Amino acid sequence: WSLMFADFIHNLRCVLDHMVWAIAVYEDPTLTYAADRGLMFPIWISTPNANDRKRIKRLSLRVRQAVEYMQPHSRTITTGHAVHSLAILGDLDNTNKHKLLKLAMSAVAQTTLKVSANFGPQEKHPQQYVYTGEIKGNTEILRVFFERAHPEAQITFDLALIIAIVHEKANALGRDRDDYSTLGDILVAEVLSVIGAVCACVA
């Protein structure tokens, strides 16, 4: 799972670099790889300096402005996620260069639980505990606390599991985890949005 998801992440990241090269060659057909090996699509989580901007120096002004406008430091997050999608993509790809991406089987917080028992008139209903972190061997997922013994009690529940991907929140804000499928959809939509915005500025 980790290798497959890492391949998906790296391909998404490469799409942005290929876009920049395609635009650069379109704007300057004489350009070769040997002439400029530093050309790439940057991901900036903070305002770039002059040295950072060298990555896109060969692009026309309008394209450079579009690239910078689509950066995490420039755009408001609209996905409802705590971190900008492009920042997550860059973080996961950078992590993947050095180590396996961490995937974990995790319990979803949303679960259906029903408890049936002969409760007394003053007896409180049982407390419930649902674990939502990484599941390893012998992890206790669900617990129900009764005020007194209820051997006749019946407990039924539905529990959904996800495969989660752990990321470092753009190298600055700690750690977070997301369902890999949902996160994948968000990242694909982000890359398509960036391609659309940047390519629309090509003369």
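Before any of the text, the structure's been laid out above.
Bear in mind the structure is a predicted one, so any value in this text is a computation, not a measurement.

### Regarding the overall build of the protein chain
Next, step 1: Along the backbone of the protein chain there are four helices and five strands.
Next, step 2: Its helices and strands in sequence order give the protein chain the pattern α-α-α-β-β-β-β-β-α, from N to C terminus.
Next, step 3: Seen through its principal axes, the protein chain has C-alpha atoms that stretch 85 × 30 × 25 Å.
Next, step 4: Burial status across the protein chain gives 35% buried among its 203 residues.
Next, step 5: The contacts of the protein chain with a sequence gap of at least 6 include a subset with a gap of at least 24, amounting to 66%.

### With respect to the packing of aromatic side chains
Next, step 1: Within the structure shown, the criterion is met by five aromatic pairs.
Next, step 2: Centroid distance Trp1 to Tyr180: 5.2 Å. Interplanar angle 70°. Geometry classified as edge-to-face. One end of the pair, Trp1, is in the segment before helix 1 (2–27); the other, Tyr180, is in helix 4 (residues 180–199), with 179 residues separating them in the sequence.
Next, step 3: Judged by relative accessible area, which is 55%, Trp1 ranks as exposed.
Next, step 4: Judged by its relative accessible area of 24%, Tyr180 falls in the partly exposed class.
Next, step 5: Relative to Phe8, the ring of Phe5 has its centre 5.5 Å away and its plane inclined at 45°; by these criteria the two rings are tilted. You can see Phe5 and its partner Phe8 sitting in helix 1, three residues apart, about one turn around the helix.
Next, step 6: By relative accessible area, Phe5 is classed as buried at 5%.
Next, step 7: Grouping aromatic residues by their ring pairs yields a cluster made of Trp1, Phe5, Phe8 and Tyr180.
Next, step 8: Sitting over the ring of Tyr129, Arg143 keeps its end group 4.9 Å from the ring centre.

### Describing the pattern of salt bridges
Next, step 1: In total, this model carries seven salt bridges according to the counting rule given.
Next, step 2: The closest approach of N and O atoms between Arg58 and Asp28, which form a salt bridge, is 3.9 Å. With Arg58 in the loop between helix 1 and helix 2 (61–69) and Asp28 in the loop between helix 1 and helix 2, this pair connects stretches of sequence that are 30 residues apart.
Next, step 3: A residue is classified by how much of its surface remains accessible, and Arg58, at 35% relative accessible area, is partly exposed.
Next, step 4: We note a salt bridge from Arg53 to Glu68, for which the minimum N-O separation is 2.8 Å. On the criterion of sequence distance, the pair formed by Arg53 in the loop between helix 1 and helix 2 and Glu68 in helix 2 is long-range, its members being 15 residues apart.
Next, step 5: On the basis of relative accessible area, Arg53 is assigned to the partly exposed category, the value being 33%.
Next, step 6: Where salt bridges share partners, they join Asp28, Asp36 and Arg58 into one cluster.

### Looking at the nonpolar core
Side chains of a nonpolar character, in soluble globular proteins, are inclined to be buried together.
Next, step 1: One finds Leu92 and Val198 to be the most contacted residues of the largest nonpolar core, which totals 36 residues.
Next, step 2: Those elements that provide at least two residues to this core are helix 1, helix 2, helix 3 (85–96), strand 4 (154–167) and helix 4.
Next, step 3: Counting residues per element, this core draws most heavily on helix 1, at 10 residues.
Next, step 4: Excluding anything up to four places from it in sequence, Leu92 contacts Phe5, Ile9, Leu101, Ile165, Val166, His167, Leu183 and Leu187.

### Description of the environment of Leu86
Next, step 1: Looking at where Leu86 falls in the secondary structure, it is placed in helix 3.
Next, step 2: Every residue in contact with Leu86, bar those within four places of it in the chain, is listed here: Leu16, Phe41, Ile43, Met70, Gln71, Pro72, Glu190 and Val194.

### Points about helix 1
Next, step 1: An ideal rise of 1.5 Å per residue puts 38 Å on 26 residues; helix 1 measures up with 38 Å between its terminal C-alpha atoms.
Next, step 2: Listed as buried for helix 1 are Ser2, Phe5, Ala6, Ile9, Leu12, Arg13, Leu16, Met19, Val20, Trp21, Ile23 and Ala24.

### Things to note about the packing of helix 1 against helix 4
Next, step 1: At a minimum axis distance of 11 Å, the contact between helix 1 and helix 4 shows a crossing angle of 0°. When the interaxial angle is binned, helix 1 and helix 4 end up roughly parallel. Taking contact as the criterion, the partners of Phe5, Phe8, Ile9, Leu12, Val15, Leu16, Met19 and Ile23 in helix 1 are, on helix 4, Tyr180, Leu183, Gly184, Leu187, Val188, Val191, Val194, Ile195, Val198 and Cys199.
Next, step 2: When the residues that make up the contact of helix 1 with helix 4 are grouped by side-chain class, the tally is 17 nonpolar, one polar and no charged.

Cut-off values and rules
Residues numbered from 1 in each chain as written. Predicted model: local features only at pLDDT ≥ 70, side-chain atom pairs only at ≥ 80, totals over all residues. Heavy atoms only, no water. Helix = DSSP H or I, 4+ residues; strand = E, 2+ residues; numbered from the N terminus. Buried < 20%, exposed > 50% of the residue type's maximum accessible area, 1.4 Å probe, protein only. Contact = heavy atoms within 4.5 Å. Phe/Tyr/Trp six-rings, centres within 6.5 Å; stacked < 30°, edge-to-face > 60°. Lys NZ or Arg CZ within 6 Å of the ring centre and 35° of its normal. Salt bridge = Lys/Arg side-chain N within 4 Å of Asp/Glu carboxyl O. Core = buried A, V, L, I, M, F, W, Y, C linked by side-chain atoms within 4.5 Å. Expected span 1.5 Å × (residues − 1). Axes fitted to C-alpha atoms, helices over the stretch in contact; angles between N-to-C directions. Parallel < 35°, antiparallel > 145°, perpendicular 65-115°, else oblique. Nonpolar A, V, L, I, M, F, W, Y, C, P; charged D, E, K, R; others polar.

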